[in-house]
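# Reading the structure
The primary structure of each chain is shown beneath.
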Amino acid sequence: MDLAHQAGRIHCSTNLADLPYLRYVGTRSTGAATDGICYRKALWGAVEREQLVVPLITKPDEVFEKQGLEFVYDTDQLAVEELIELFQKVGFPKRNAESLTKALDASHKLIWIRHAKQTRWARLGQLLGFARATSDKAVSATIWDVAVNPLWQRGGLGRGLVERLVAALVEDGVNAVTLYAEPNVVRMYEKLGFLQDPSKVQGLSFQRSSPAGAALVASCKA
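Keep in mind it's a predicted model, so treat the numbers as computed, not measured.

## Observations concerning the side chain of R95
Residue placement: R95 occurs in the loop between helix 4 (80-89) and helix 5 (97-106). Side-chain polar atoms of R95 contact the side chain of D145, separated by 2.9 Å.

Laid out in structure tokens, this is it:
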């Protein structure tokens, strides 16, 4: 199963209440030993006290370049409508272009993959993968919107996006890099250096469409 195919389903409008919460713990062991709850708690606590180490990139840029792929870290050539189309291909609900543009501008870090050559498989400049992170730009950051074009999955693009995004955040001094993931990809993220919260913390999200949410919105407008 491809990392980005499943991770990409976790986006800014997802209900987080039932999703596992994970934190990047770097080069520390996240193998079989982490099945012990005491070990997990000790590891989680150690990360909170120590500075993270910039992760190794398992597949260097040169390898992707030979495939005609390029990692980009700004939005200068990123077409919002094409990003919306990518999100729909991986199962996201349709995004509003104006809102998405604001979200991109407000993101601490983002990364996307473009095809750097014109071929019969992809056009020059085509968007193939994307990921971004929101952050307080000092202490913590959360990764969102990991998505890879279904035709380009299972080629390491999702892993490449996450590794480089985490590296950029850690290099900026962020020491708490977190994300929410569907249960069936938790193991995959653990291979990338993430650890599920041993306290089984779950997220809460305000839902405008819920009865309570609708009532609150109505009262604010009154």
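## Observations regarding the nonpolar core
Core analysis: the largest hydrophobic core is formed by 33 residues, its most contacted members being I143, L157, V166, V177, Y189 and F194. Breaking this core down by element, the ones donating at least two residues are strand 1 (21-24), strand 2 (69-72), strand 3 (109-115), strand 4 (127-135), strand 5 (140-148), helix 6 (157-171), strand 6 (176-180) and helix 7 (186-191). The residues contacting V177, other than those within four sequence positions of it, are L22, R23, Y24, L52, A141, I143, V166, L169 and F194.

## Quick notes on the layout of surface pockets
Of the pockets and cavities examined, the second largest pocket occupies roughly 180 Å³. Around the second largest pocket, the lining comprises 13 residues; the ones closest to its centre are Y24, P55, L56, E163 and L192. With 4 residues, helix 6 is the single largest residue contributor to the lining of the second largest pocket. Of the residues belonging to the lining of the second largest pocket, the class tally is 6 nonpolar, 4 polar and 3 charged.

## Some thoughts on the sheet that holds strand 7 (residues 194-196)
The 7 strands lie next to each other as 2-3-4-5-6-1-7, forming an open sheet whose pairing is mixed. In the strand order of this sheet, the two ends are held by strand 2 and strand 7, each with one partner. Here the strands of the sheet are splayed against their neighbours by 25 degrees on average, with no regard to which way each runs. Where helix 6 meets the sheet, its contacts fall on strand 1, strand 2, strand 3, strand 4, strand 5, strand 6 and strand 7, and the angle it forms with strand 3 comes to roughly 145 degrees.

## Observations concerning the confidence of the model for the chain
Per-residue pLDDT for the chain has a mean of 81; in total, 71% of the residues score no lower than 70. Scored below 50 in pLDDT, residues 5-9 shows 17 contacts in the model against residues more than four places distant or in partner chains. Contacts from residues 29-34, a stretch scored under 50 in pLDDT, to residues over four places away or in other chains number 12 contacts.

## Focus on the pattern of salt bridges
Taken as a whole, this structure holds 10 salt bridges when the rule is applied. Note that K109 is salt-bridged to D172, the shortest N-O span being 3.5 Å. Taken together, the residues span a long stretch of sequence, with K109 in strand 3 and D172 in the loop between helix 6 and strand 6 at a distance of 63 residues. Exposure remark for K109: the relative accessible area of 26% places this residue in the partly exposed category. On the accessibility criterion, D172 (40% relative accessible area) is partly exposed. Notably, a salt bridge pairs R159 with E163, separated by 3.0 Å at the nearest N-O pair. With R159 and E163 both in helix 6 and 4 residues apart, the pair spans about one turn of that helix.

## Observations concerning the packing of aromatic side chains
Inspection of every chain in the model, using the stated rule, returns 7 aromatic pairs. With 5.0 Å between their ring centres and 90 degrees between their planes, F64 and F71 make a pair best called edge-to-face. F71 shares its class with F64; the two are buried. Here the aromatic rings of Y189 and F194 are separated by 5.5 Å at their centres, their planes lie at 75 degrees, and the arrangement is edge-to-face. Exposure class is identical for Y189 and F194. Each is buried. Three or more aromatic residues joined by ring pairs make a cluster, and in this case those are Y21, W144 and Y180. In this structure, K59 packs its charged tip against the face of F64, placed 4.7 Å from the ring centre. Sitting over the face of the ring of F71, R164 holds its NZ or CZ atom 4.1 Å from the ring centroid.

Definitions and cut-offs
- Every chain is numbered on its own, with residues counted from 1 as its sequence reads.
- Only residues with pLDDT of 70 or above have their local features reported here, since the model is predicted, and side-chain atom pairs are shown and tallied only from 80 upward, although totals for entire chains, interfaces and linings are computed over all residues.
- For side-chain calculations, the full set of non-hydrogen atoms in the structure is used, while hydrogens and water are omitted.
- Strands are runs of DSSP state E lasting at least two residues, helices are runs of H or I lasting at least four, and both sets are numbered from the N terminus onward.
- Under this definition, polar contacts are N or O atom pairs within 3.5 Å; protein pairs additionally need one hydrogen-donor-capable and one acceptor-capable atom, and for neighbouring residues in sequence, both atoms have to be side-chain atoms.
- In plain words, nonpolar cores are sets of buried Ala, Val, Leu, Ile, Met, Phe, Trp, Tyr and Cys residues tied together by side-chain atoms within 4.5 Å.
- The rule is simple: take the accessible area with a 1.4 Å probe, protein chains only, and divide by the maximum for that residue type; under 20% is buried, over 50% is exposed, in between is partly exposed.
- Note on contacts: a residue pair qualifies if any of its non-hydrogen atoms lie within 4.5 Å across the two residues.
- Note on definitions: the grid is 1 Å and covers protein atoms alone; a cavity is a set of points where a 1.4 Å probe fits but cannot get out; a pocket is an open set with protein on both sides within 12 Å along at least five of seven lines; lining residues have an atom within 4 Å of a point.
- Grid points are joined across faces, edges and corners, and a volume is the space filled by probe spheres set on the points.
- Ten residue types, Ala, Val, Leu, Ile, Met, Phe, Trp, Tyr, Cys and Pro, are classed as nonpolar, four, Asp, Glu, Lys and Arg, as charged, and the remainder, Gly among them, as polar.
- One requirement defines pairing of two strands: DSSP has to find at least two bridges between them.
- As a rule, the C-alpha atoms of each element are fitted with a line to give its axis, helices using only the stretch in contact, and angles between N-to-C directions run from 0 to 180 degrees.
- Every residue carries a pLDDT, the predictor's confidence in it, which falls somewhere between 0 and 100.
- By definition, a salt bridge exists where a carboxyl oxygen of Asp or Glu is found within 4 Å of a side-chain nitrogen of Lys or Arg.
- Side-chain rings of Phe, Tyr and Trp, where Trp is taken by its six-membered ring, are said to pair if the distance between their centres is within 6.5 Å; with planes under 30 degrees apart they count as stacked, over 60 as edge-to-face, and otherwise as tilted.
- In this scheme, the term charge over a ring applies when either NZ of a lysine or CZ of an arginine sits within 6 Å of the ring centre and within 35 degrees of the ring normal.

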